[in-house]
Amino acid sequence: MDGHTGIGGAVRDGVRSGGNVRVLMYSHDTFGLGHLRRCRAIAHHLVERHKDLTVLILTGSSIIGSFDFRSRVDFVRVPGVIKLRNGDYTPLQLHIDIDETLALRESIIRHTASMFDPDLFIVDKEPLGLRGEVADTLRMMRDRGVPTVLGLRDVMDDPDLLEPEWERKNVMPALTDLYDDIWVYGLPQIHDPLAGIRVPDSVRRKMTYTGYLRREVSLDGPIYQTVKIDAPYILVTPGGGGDGEMMVDWVFRAYESDRKQPYPALVVLGPFMPSDVQADFMERASSLPDVEVITFDAHMESLITNAVGVVAMGGYNTFCEIMSFDKRALIVPRTKPRREQYIRAIRFQELGLVSALSADGGTDTDQMITALRHLPQQPKPSEVVVPGLMDGLDNVDRLARRWIARPRRALTLAEKRA
């Protein structure tokens, strides 16, 4: 299918609706940037390919307004919540009870889905949403004949942690009864996100591997201009930054100890790094002429293009950017509370696509100095051929068209108002 073509309209009772195709996406986004950025990448690709398609994103992200969106992509923000260290949730900003907040989120999600009346519903990562808040909406979509898709990243977690979590959340019955398809945004030869857990054959048959989601430099909105550092530089990014203090400190100590690093560093702290920690890093950077610090940039793609190498924790989106722009990378993954980043980093290192440095044995400064000096010399990812590695967006488009083209019954007025 050529770019900028139409899907042809959704089909109801065998009649084309004529140029008004709607896709609803859900991203729970209690913390971090990963889910939102993945949904945004898919949404932008779909509207770019199809002039008759509109995407609405349901999200709990507190910083979604910092991102630009293409025409025919919009969002509805539900009240934000954050997860505490003990596993409980608390409202991010509202001074109301958490149960009230969750009930409000669930109501907004359900009523938005009802009125938007999508032709396809895509849920990111959490099969039932935060605390099951999408379950009723999924049942409503099923009753209306709307195809529902669960999108999974390449690595979920260590199976010893994922299986009991999904058992507690009663996920498998939902995958069996409430989802038509499961898209894995990765490749089976790299990792199976459900490896090591008991999965019914009926669920396995729904799984399709798409490949990773390619990224491009955004031409929309302002691009952050660095002040002190000239390209090429080493880009240091802990993603959202909420748990990135250790990695950033490790890099800082290397630059403080070795004043002859061959390349300067541009450090993007992330919007969720605590403000006092951000202030400390900015103070330290003020005495380092070869280190530039910024807090956040919604156009990370524009920053990575000028980097000679990337130091990152290894979230899904960062890997997509590293592969898309063919950048040498040093991954310093977290191992707690999830091992997702570690599993991904080790697998990509085994394939020769990145190098990895674990902090489990301590954060020795000399070790980081050596790793930073070696980074610009290591092979680029393009020197390793992995067929279909970055074909994810094109395959998502193909899969979406297949589901949208299927007929479903017309809605009654009462159902639209339900």
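Here the structure is a predicted model, which means the values were calculated and not measured.

Draft legend 1. Seen up close, the overall build of the protein chain. Counting its regular elements, the protein chain contains 14 helices and 17 strands. A total of 418 residues make up the protein chain; the buried ones form 56% of that total. Across the protein chain, every contact between residues at least 6 apart in sequence was considered, and the portion connecting residues at least 24 apart equals 77%.

Draft legend 2. Quick look at the packing of helix 1 (residues 34-49) against helix 13 (residues 392-404). Relative to each other, helix 1 and helix 13 sit at 65°, their axes nearing to 10 Å. Put simply, helix 1 runs roughly perpendicular to helix 13. Here helix 1 runs over helix 13; the crossing is right-handed. Between helix 1, through Ala 41, Ile 42, His 45, Leu 46 and Arg 49, and helix 13, the contact on the second element is made entirely by Leu 393, Asp 394, Val 396, Asp 397 and Ala 400. Taken together, the residues that form the contact of helix 1 with helix 13 break down as six nonpolar, one polar and three charged.

Draft legend 3. Quick peek at the sheet that holds strand 9 (residues 148-153). An order of 5-4-3-8-9-10-11 is seen for the seven strands of this open sheet, with the pairing classed as parallel. Each edge of the open sheet carries a strand with a single partner, namely strand 5 (73-77) and strand 11 (207-209). Going from strand to strand, the sheet's axes swing by 25° on average, the running direction of each strand aside. Looking at chain direction, strand 4 (residues 53-59) and strand 5 are connected through five bridges and run parallel. Looking at the pairing, Thr 59 lines up with Arg 77 of strand 5. Packed on one face of the sheet, helix 1 meets strand 3 (21-27), strand 4, strand 5, strand 8 (120-124), strand 9 and strand 10 (181-185) and runs near 170° to strand 4.

Draft legend 4. Inspection of the packing of aromatic side chains at higher detail. This structure, assessed with the given rule, holds six aromatic pairs. Ring centres of Phe 67 and Phe 296 lie 5.9 Å apart, and the angle between their planes is 75°; on these two criteria the pair is classed as edge-to-face. Here Phe 296 lies in the loop between strand 14 (291-294) and helix 9 (300-304) and Phe 67 lies in the loop between strand 4 and strand 5, a separation of 229 residues in the sequence. What makes Phe 296 partly exposed here is its relative accessible area of 21%. Each member of the aromatic cluster is reached from another via a ring pair, and the members are Tyr 212, Tyr 316, Phe 319 and Phe 348. Against the face of Phe 116 rests Arg 22, its NZ or CZ located 5.5 Å from the ring centre. When the ring centre of Trp 403 is taken as reference, the NZ or CZ atom of Arg 406 above it lies at 4.3 Å.

Draft legend 5. Highlighting the pattern of salt bridges. Applying the stated criterion across every chain yields a total of 33 salt bridges. A salt bridge links Arg 204 to Asp 192, with the shortest nitrogen-to-oxygen separation between them at 2.9 Å. With Arg 204 in helix 6 (residues 201-204) and Asp 192 in the loop between strand 10 and helix 6, this pair connects stretches of sequence that are twelve residues apart. For Asp 192, a relative accessible area of 18% gives the class buried. Residues Asp 243 and Arg 334 are paired through a salt bridge, measuring 2.6 Å at the closest nitrogen-oxygen approach. Taken together, the residues span a long stretch of sequence, with Asp 243 in the loop between strand 12 (233-237) and helix 7 (245-257) and Arg 334 in the loop between strand 16 (329-331) and helix 11 (340-350) at a distance of 91 residues. Here Asp 243 falls in the partly exposed class, since its relative accessible area comes to 37%. Beyond isolated ion pairs, a larger network of salt bridges with shared partners links Lys 125, Glu 126, Asp 157, Glu 165, Lys 169 and Arg 338.

Draft legend 6. The arrangement of the nonpolar core in detail. By size, the foremost hydrophobic cluster in this structure holds 62 residues, and its most contacted members are Met 25, Val 55, Leu 120, Trp 183 and Leu 235. Once residues lying within four places of it in the same chain are set aside, the contact partners of Trp 183 are Leu 120, Ile 122, Val 149, Leu 150, Gly 151, Leu 152, Thr 208, Thr 210, Val 396, Leu 399, Ala 400 and Trp 403. Membership of the second largest hydrophobic core comes to 39 residues, among which are Leu 128, Met 141, Val 184 and Ile 197.

Draft legend 7. Geometry of the environment of Met 390. Take Met 390: it is sitting in the loop between helix 12 (365-374) and helix 13. Residue classification places Met 390 among the buried residues on the basis of a relative accessible area of 9%. Distance in space between the C-alpha atoms of Met 390 and Met 323 is 7.7 Å, their sequence separation being 67 residues. When sequence neighbours within four positions are dropped, the list of residues in contact with Met 390 reads Tyr 212, Leu 213, Arg 214, Cys 320, Met 323 and Ser 324.

Draft legend 8. Focus on a nonpolar patch on the surface. On the surface, Leu 94, Ile 96 and Leu 104 cluster together into a nonpolar patch covering about 220 Å² of accessible area. Mapped onto the fold, Ile 96 is located in the loop between strand 7 (89-91) and helix 2 (98-116).

Draft legend 9. Region of the structure containing unusual backbone geometry. Following Ala 231, the chain continues into Pro 232 via a peptide bond in cis, with omega recorded as 0°. Omega for the peptide link from Lys 336 to Pro 337 comes to 0°, which places this bond in the cis form. Looking at the secondary structure, you find Pro 337 in the loop between strand 16 and helix 11. Its identity is not glycine, yet Arg 131 carries a phi of approximately 55°, on the positive side. Locating Arg 131 in the fold gives a position in the loop between strand 8 and helix 3 (135-144).

Draft legend 10. Layout of the sheet that holds strand 12. Taken together, the six strands give an open sheet; going across it, the order is 14-13-12-15-16-17, and neighbouring strands pair in parallel fashion. What marks the edges here is a single partner per strand, and that holds for strand 14 and strand 17 (355-356). One ladder, built from five bridges, connects strand 12 with strand 15 (residues 307-312); its direction is parallel. Note on strand 15: the bridge partner recorded for Ile 234 is Gly 309. Contacting strand 12, strand 13 (265-268), strand 14 and strand 15, helix 7 crosses the sheet at an angle of about 150° to strand 12.

Calculation criteria
- Residues numbered from 1 in each chain as written.
- Predicted model: local features only at pLDDT ≥ 70, side-chain atom pairs only at ≥ 80, totals over all residues.
- Heavy atoms only, no water.
- Helix = DSSP H or I, 4+ residues; strand = E, 2+ residues; numbered from the N terminus.
- Buried < 20%, exposed > 50% of the residue type's maximum accessible area, 1.4 Å probe, protein only.
- Contact = heavy atoms within 4.5 Å.
- Axes fitted to C-alpha atoms, helices over the stretch in contact; angles between N-to-C directions.
- Parallel < 35°, antiparallel > 145°, perpendicular 65-115°, else oblique.
- Left-handed = near helix turned anticlockwise from the far one by under 90°.
- Nonpolar A, V, L, I, M, F, W, Y, C, P; charged D, E, K, R; others polar.
- Pairing = 2+ DSSP bridges.
- Phe/Tyr/Trp six-rings, centres within 6.5 Å; stacked < 30°, edge-to-face > 60°.
- Lys NZ or Arg CZ within 6 Å of the ring centre and 35° of its normal.
- Salt bridge = Lys/Arg side-chain N within 4 Å of Asp/Glu carboxyl O.
- Core = buried A, V, L, I, M, F, W, Y, C linked by side-chain atoms within 4.5 Å.
- Patch = residues over 30% accessible without salt bridge, like charges linked within 9 Å, V, L, I, M, F, W, Y side chains within 5 Å.
- Areas by Shrake-Rupley, 256 points an atom, 1.4 Å probe, with all protein chains shown as cover.

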